[in-house]
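One-letter residues, chain by chain:
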Amino acid sequence: ADYIIGLTGGIGSGKTTVANIFANMGIVLVDADIVAREVVSKGSEGLKRITTHLGTIILLEDGNLNRSKLRQIIFDDDKERLWLNALLHPMIRTSMLQQCKDAQSNYVIMVAPLLFENGLDRLVNRTLLVDISPELQKQRTVTRDAVTAQHVENIIGSQASRAEKLSKADDVIDNQGEISALKCKVEALHNLYLKLSSKPE
Ligand code: ATP
């Protein structure tokens, strides 16, 4: 596909729920979280580069990346964090764009929790925000995961603000209502995206 929709939203906003409705209508999804794991999977160029730089201390016994060890290293050392980002961000971008290009649907949805924060919005044709209040974000995430409201609040604080995302997004889905209402809204956007992707910009 040549036409890419960037789908984003804060923690617990309903990105996955919305993405699955698009997928059920035959639209291919490219998930930034999955690609971020692929580029450091066992045998990958990314993992080789990390091992060369940090040593085999960064590997688990089975040869996979020791994620908690890596998290600890970059949490304690800004220089290493910048090095890692400079290595992985271009690899993630290239791989996501390739997967979008290869996708066999009229358009493709790039799902990225940090679409605006990481500048991925510049890679897509149009952006779609799933929007709910911070109160609902907390409520739904605490119900879904075994985490505290404080933990969710910290993550909300580390992400771009609701106002900033609302001002940047081309399209917004209000997901404060029922899931049934959500389906109608996604179907309407699907029709819009089919039109937009069928003609040159
Ligand atoms: P994260 O970024 O944390 O992975 P997400 O944006 O992908 O979250 P979802 O996992 O889709 O969000 O939704 C969060 C939770 O809220 C899930 O348990 C989901 O089933 C539920 N949910 C989503 N939309 C609604 C809705 N309209 N009404 C009630 N519950 C909802």
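What counts, and at which threshold
- Along each chain, the written sequence defines residue order, and numbers are assigned to residues from 1.
- Only residues with pLDDT of 70 or above have their local features reported here, since the model is predicted, and side-chain atom pairs are shown and tallied only from 80 upward, although totals for entire chains, interfaces and linings are computed over all residues.
- UniProt positions are given in the numbering used here, feature names are shortened, and annotations may be inferred rather than shown by experiment.
- Comment: elements are numbered from the N terminus, with helices defined as DSSP H or I runs of at least four residues and strands as E runs of at least two.
- Radius of gyration: over C-alpha atoms. The globule rule applied is 2.2 Å multiplied by the number of residues raised to the 0.38 power.
- Here contacts are defined at the residue level, using C-beta atoms placed from the backbone and a cut-off of 7 Å between them.
- An automatic or database domain assignment supplies the residue ranges for each domain.
- Under this grouping Gly is polar, as are all residues other than the nonpolar Ala, Val, Leu, Ile, Met, Phe, Trp, Tyr, Cys and Pro and the charged Asp, Glu, Lys and Arg.
- To get an axis, a line is fitted to the C-alpha atoms, and for a helix only the part in contact is used. The angle between two axes follows their N-to-C directions and goes from 0 to 180 degrees.
- The labels follow the angle: roughly parallel below 35 degrees, roughly antiparallel above 145, roughly perpendicular from 65 to 115, and oblique for the rest.
- By the definition used in this description, the sense in which the near helix is turned from the far one sets the handedness, with an anticlockwise turn below a right angle giving left-handed and a clockwise turn giving right-handed.
- In this usage, the nonpolar core is the set of buried Ala, Val, Leu, Ile, Met, Phe, Trp, Tyr and Cys residues whose C-beta atoms join them within 7 Å.
- Once C-beta atoms are placed from the backbone, each residue is buried if 20 or more other C-beta atoms lie within 10 Å of its own, exposed if 12 or fewer, and partly exposed for counts between those two.
- Residues are counted as near a molecule or strand when the C-beta atom, derived from backbone positions, lies within 6 Å of that molecule or strand.

- Looking at an unreviewed UniProt entry, one finds the protein named Dephospho-CoA kinase, with Shewanella sairae as its source organism.
- Here the protein is described in UniProt, under the heading Subcellular location (unreviewed entry), as follows: "Cytoplasm".
- In its Catalytic activity (unreviewed entry) section, UniProt records this for the protein: "3'-dephospho-CoA + ATP = ADP + CoA + H(+)".

**Describing the overall build of the protein**
Thinking step 1. The helix and strand tally for the protein stands at nine helices and five strands.
Thinking step 2. Over its C-alpha trace the protein gives a radius of gyration of 18 Å, about what one expects of a compact globule, namely 17 Å for 201 residues.
Thinking step 3. Its C-alpha atoms put the protein at 50 × 40 × 30 Å along the principal axes.
Thinking step 4. Residue pairs at least 24 apart in sequence account for 75% of intrachain contacts in the protein once pairs closer than 6 positions are excluded.

**A look at the domain arrangement of the protein**
Thinking step 1. Looking at the assigned domains, one finds that the protein contains domain 1 (1-27 + 107-201) and domain 2 (33-104).
Thinking step 2. On the side of domain 2, five residues touch domain 1, which itself brings five residues to the contact.
Thinking step 3. When grouped by side-chain class, the residues that make up the side of domain 1 that touches domain 2 number five nonpolar, no polar and no charged.

**Remarks on the packing of helix α1 (residues 15-24) against helix α9 (residues 179-198)**
Thinking step 1. It is the contact of α1 with α9, at a shortest axis distance of 10 Å, that shows an interaxial angle of 55 degrees. Overall, the two elements α1 and α9 adopt an arrangement that is oblique. Crossing handedness for the pair α1 and α9: right-handed. Here T17, V18, I21 and F22 of α1 come into contact with α9, specifically with I179, L182, K183, V186 and H190.
Thinking step 2. Among the residues making up the contact of α1 with α9, the classes are represented as six nonpolar, two polar and one charged.

**Some points on the nonpolar core**
Thinking step 1. Core analysis: the biggest nonpolar cluster contains 33 residues, and I5, L7, A32, V108, I109 and M110 have the highest contact counts within it.
Thinking step 2. Looking at this core, the elements with two or more residues in it are β1 (4-8), α1, α2 (32-38), α5 (78-102), β3 (108-111), β4 (126-131) and α9.
Thinking step 3. When residues of this core are sorted by domain, at least three fall in each of domain 1 (1-27 + 107-201) and domain 2 (33-104).
Thinking step 4. Other than its neighbours up to four places away in sequence, M110 contacts I4, I5, G6, L7, V30, A32, M96, C100 and V124.

**Section: the packing of helix α3 (residues 45-54) against α5**
Thinking step 1. Contact pair α3 / α5: the axes reach a minimum separation of 11 Å and the direction vectors enclose 170 degrees. If you check the angle between α3 and α5, you find them roughly antiparallel. The chirality of how α3 crosses α5 is right-handed. On α5, the residues that touch G46, R49 and H53 of α3 are W83, L87, L88 and M91.
Thinking step 2. Across the contact of α3 with α5, the residue classes break down as four nonpolar, two polar and one charged.

**Focus: the site of the ligand**
Thinking step 1. Neighbouring the ligand are 16 residues; K15, T16, T17, R140 and R144 lie closest to it.
Thinking step 2. If you list the elements that add at least two residues to the shell around the ligand, you get α1, α6 (134-144) and α9.

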